[in-house]
Every structure is written in C-alpha cells, then in structure tokens.
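Spelled out, the chains give:
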Amino acid sequence: KSDDYEIESTIKQITKDLDENQKKLIKMSFFEQKSHKNIAAELEIPLGTVKSRIRSILNKMNKSLL
C-alpha cells in the first residue's frame with residue numbers, strides 16, 4: 001500500500017504541469033495501453049502528431065523529475 005501511494009504521488013507530481021490534452025494522451029497511451037495508431041484514430045489527429053506530442057510530454061515530465 002505504501003508503494004502504491006508513493007507511485008500515485010509521484011505521478012501526480014510529474015503531471016501537475018501538464019494541460020488536460022497532455023494528460024489525456026498520457027492516460028490513453030500508458031494507462032489504457034492504446035497504441036499510438038489507435039490514439040490518432042480516436043482523436044482524429046495524425047499519427048506523427050501523437051508521437052511527437054507524447055515524446056514532448058515525456059521530455060517535460062523527465063525534466064520535472066530532475
């Protein structure tokens with residue numbers, strides 16, 4: 001239980017600076033485990049846009065951990 005709280009706390013901390021669209025992409029990709037192709041289809045945006053946005057979000061989250 002302690003580990004779950006720590007993980008949840010860390011996720012909240014590193015996502016606090018993300019806007020709602022960014023949070024949605026992360027949720028769909030990592031928590032719902034949807035493929036980038038499926039995310040693109042569902043959101044009706046190009047696959048390359050999904051990939052670049054997720055990469056950008058991960059870079060932003062990584063910087064917030066440092």
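Scroll up for the structure.
Read on for an overview of the structure. Computed from a predicted model, the values in this text were never measured in an experiment.

## Remarks on the overall build of the protein
Working step 1: A count of helical and extended segments in the protein gives 4 helices and 0 strands.
Working step 2: Starting at the N terminus and ending at the C terminus, the protein contains elements arranged as α-α-α-α.
Working step 3: Here the protein holds 66 residues, and the buried ones make up 21% of them.
Working step 4: For the protein, the proportion of contacts with a sequence separation of at least 24, taken over those separated by at least 6, is 47%.
Working step 5: Working note: accessible area of the protein is about 5200 Å², and carbon and sulfur atoms make up 50% of it.

## Side note on the packing of helix α2 (residues 20–31) against helix α3 (residues 36–43)
Working step 1: Running from N to C, α2 and α3 cross one another at 135 degrees; their axes reach a closest spacing of 9 Å. Accordingly, the angle class assigned to the pair α2 and α3 is oblique. When you trace α2 past α3, the crossing you get is right-handed. Mapping the contact onto sequence places K24, L25, M28 and S29 in α2 and H36, I39, E42 and L43 in α3.
Working step 2: Here the residues of the contact of α2 with α3 sort into 4 nonpolar, 2 polar and 2 charged.

## What to know about unusual backbone geometry
Working step 1: Positive phi is not limited to glycine here, since Q33 has a value of about 55 degrees.
Working step 2: In this fold, Q33 is placed in the loop between α2 and α3.
Working step 3: A relative accessible area of 68% means that Q33 is categorised as exposed.
Working step 4: Phi is positive for E44, close to 55 degrees, though the residue is something other than glycine.
Working step 5: Relative to the helices and strands, E44 resides in the loop between α3 and α4 (47–65).
Working step 6: For E44, a relative accessible area of 71% translates into the label exposed.

Each value, and the rule that gives it
Residues numbered from 1 in each chain as written. Predicted model: local features only at pLDDT ≥ 70, side-chain atom pairs only at ≥ 80, totals over all residues. Heavy atoms only, no water. Helix = DSSP H or I, 4+ residues; strand = E, 2+ residues; numbered from the N terminus. Buried < 20%, exposed > 50% of the residue type's maximum accessible area, 1.4 Å probe, protein only. Contact = heavy atoms within 4.5 Å. Areas by Shrake-Rupley, 256 points an atom, 1.4 Å probe, with all protein chains shown as cover. Axes fitted to C-alpha atoms, helices over the stretch in contact; angles between N-to-C directions. Parallel < 35°, antiparallel > 145°, perpendicular 65-115°, else oblique. Left-handed = near helix turned anticlockwise from the far one by under 90°. Nonpolar A, V, L, I, M, F, W, Y, C, P; charged D, E, K, R; others polar.

The values are spatial; any link to function lies outside them.
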